Amino acid sequence: MTSTPIRNVLSIAGSDPSGGAGIQADLKAFAARGCYGMAAITALTAQNTQGVSAVVPLDPEFVGEQIRMVFADVHVDAVKIGMIANAGIARAVAEALKPHRGIPIVLDPVMIAKGGASLLDPDAVEALKTELLPLATLLTPNLPEAAALLGDPEACDRRIMESQAIRLTTLGPRGVLIKGGHLAGGESPDVLVADGKVTWFEAERIETRNTHGTGCSLSSALAAELAKGRSVEEAVRTAKTWLREAVRTSDSLSVGSGHGPVHHFHALWQAPTPA
């Protein structure tokens, strides 16, 4: 009997030297979900668990060439797009991906770092909307990102979240998952609009400071599940279950003094036994 090969997933995103977000988190999430991870870097950042101090976008043509070289040699089963940085990179990524329509693409519109630093030039928002949203299988904004893409105030309740998700689908993506982590209260619901259906995913808020890279990790886990052939709804349900445990067990790690990372390998690593 021939075994099914391990799926290959490509991240197109920025680098986080502290390892909690960006391509470093993406590669960990791919591995944790049983996929082989690859990365085309769009930007270098100087950051840690406390914030971002500098961002250096790479040359758009070089970003595109990284993507083209991967596709020229490797069968890619899914793509995750994260930090784009500027309009030139958005256009270069779109041009490199257009010949490969049909491959699942998860677009995480990274705009603002957790500490408040801008990670996307203002003129890049329009390029993101016109060039990349139409290519996306699934768009995964948080509440501020969804509002920025629509030019709306940030959603403050479920009714507005659902309305914004529906409106975002008109910009081209097949499905939209708006993450409700910024809502007030003890609940953190997400809403998925895909294939003409609205689905809510309920979750209690986990009290922890270790939330660095949650968006990157979720979108990467979603790409991994889509690479395996799951439906969008199945992928969301599976990826959210995994991420919930990664957040819940994040205190097993001791990384930095700010917003620490989630525990990508919670199902694989055992906490050391005290001496």
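Anything mentioned here points back to the structure above.
Residues numbered from 1 in each chain as written. Predicted model: local features only at pLDDT ≥ 70, side-chain atom pairs only at ≥ 80, totals over all residues. Heavy atoms only, no water.

Describing the overall build of the protein
Reasoning step 1: Across its full length, the protein carries eight helices and nine strands.
Reasoning step 2: Expressed along its principal axes, the backbone C-alpha trace of the protein runs to roughly 55 × 45 × 45 Å.
Reasoning step 3: Looking at the protein as a whole, 52% of its 275 residues qualify as buried.
Reasoning step 4: Here the analysis covers contacts within the protein between residues at least 6 apart in sequence; of these, 67% occur between residues at least 24 apart.
Reasoning step 5: Within the protein, the 29 negative side-chain charges are centred at a point lying 4 Å from the centre of the 24 positive side-chain charges. (Helix = DSSP H or I, 4+ residues; strand = E, 2+ residues; numbered from the N terminus. Buried < 20%, exposed > 50% of the residue type's maximum accessible area, 1.4 Å probe, protein only. Contact = heavy atoms within 4.5 Å. Lys, Arg positive; Asp, Glu negative; His and termini not counted. Charge placed at Lys NZ, Arg CZ, Asp CG, Glu CD.)

Digging into the sheet that holds strand E9 (residues 197-201)
One key point about sheets: their strands pair by backbone hydrogen bonds, in either a parallel or an antiparallel sense.
Reasoning step 1: Across the sheet, nine strands lie side by side as E3-E2-E1-E4-E5-E6-E7-E8-E9; this open sheet has mixed pairing. Each of the sheet's edge strands pairs with one partner strand only, and the pair in question is strand E3 (51-57) and E9.
Reasoning step 2: The sheet contact formed by strand E1 (residues 8-15) and strand E4 (residues 78-81) spans four bridges and is parallel. Pairing of Val9 across the sheet is with Ala78, part of E4.
Reasoning step 3: Along the sheet, helix H8 (residues 232-248) makes contact with strand E6 (138-139), strand E7 (175-179), strand E8 (190-194) and E9, crossing E9 at roughly 10°. (Pairing = 2+ DSSP bridges. Axes fitted to C-alpha atoms, helices over the stretch in contact; angles between N-to-C directions.)

Considerations on the pattern of salt bridges
Reasoning step 1: Evaluated as defined, the whole model comprises 16 salt bridges.
Reasoning step 2: The shortest N-O distance in the salt bridge between Asp152 and Arg167 comes to 2.3 Å. One end of the pair, Asp152, is in the loop between helix H5 (143-150) and helix H6 (158-169); the other, Arg167, is in helix H6, and 15 residues separate them in sequence.
Reasoning step 3: Take Arg167: its relative accessible area is 35%, and that puts it in the partly exposed class.
Reasoning step 4: Among the salt bridges present, the one from Arg248 reaches Glu245, with a minimum N-O distance of 2.6 Å. Remark: Glu245 and Arg248 occur in helix H8; sequence separation between them is three residues, near one turn of the helix. (Salt bridge = Lys/Arg side-chain N within 4 Å of Asp/Glu carboxyl O.)

A few points about the environment of Ile160
Reasoning step 1: Locating Ile160 in the fold gives a position in helix H6.
Reasoning step 2: Linking Ile160 and Leu222, residues 62 residues apart in sequence, is a C-alpha distance of 24 Å.

Details of the pairing of E8
Reasoning step 1: Extensive coverage of E8 is indicated by the burial of five of its five residues.
Reasoning step 2: Both E7 and E8 contribute to a ladder of five bridges, which runs antiparallel. Considered in E8, the bridge of Leu177 is made with Leu192.
Reasoning step 3: Pairing analysis gives five bridges linking E8 to E9, with the strands arranged antiparallel.

Side note on the side chain of Gln164
Reasoning step 1: One can find Gln164 in helix H6.
Reasoning step 2: Here Gln164 is in contact with Ala146, Ala147, Leu150, Asp152, Pro153, Ala155 and Ile178, once residues within four sequence places are set aside.

Quick look at the nonpolar core
Reasoning step 1: Formed by 50 residues in total, the largest nonpolar core has its most connected members in Leu10, Ile67, Val79, Ile81, Val93, Leu97 and Leu132.
Reasoning step 2: When residues in this core are grouped by element, the largest group, seven residues, is from helix H3 (residues 87-97).
Reasoning step 3: In contact with Leu10, not counting residues within four places along its chain, are Phe30, Met38, Ala39, Ala40, Ile67, Val70, Phe71, Val76, Ala78, Val79 and Lys80.
Reasoning step 4: With 29 residues, the next largest nonpolar core counts Leu192, Leu222, Ala223 and Trp242 among its residues. (Core = buried A, V, L, I, M, F, W, Y, C linked by side-chain atoms within 4.5 Å.)

Focus on unusual backbone geometry
Reasoning step 1: Positive phi, close to 80°, is recorded for Ala85, a residue that is not glycine.
Reasoning step 2: In this fold, Ala85 is placed in the loop between E4 and H3.
Reasoning step 3: One non-glycine residue with positive phi stands out, namely Asp195, at about 55°.

Regarding the state of the cysteines
Defined simply, a disulfide is a covalent bond joining two cysteines at their sulfur atoms.
Reasoning step 1: Tallied over the entire structure, the rule returns zero disulfides.
Reasoning step 2: Left unpaired, Cys35 is separated from the closest cysteine sulfur, that of Cys216, by 17 Å. (Disulfide = S-S within 2.5 Å.)

Description of the environment of Thr199
Reasoning step 1: Looking at the element boundaries, Thr199 is found in strand E9.
Reasoning step 2: With a relative accessible area of 10%, Thr199 lands in the buried category.
Reasoning step 3: Each C-alpha atom of the pair Thr199 and Leu133 lies 21 Å from the other, and the pair is 66 residues apart in sequence.

Considering helix H7 (residues 214-227)
Reasoning step 1: With 14 residues, H7 ought to run about 20 Å at 1.5 Å a step, and its terminal C-alpha atoms sit 20 Å apart, in line with that.
Reasoning step 2: Counting buried residues in H7 gives 13 out of 14 residues, a clear majority hidden from the surface. (Expected span 1.5 Å × (residues − 1).)

Limitation: the analysis is restricted to geometry and does not speak to function.
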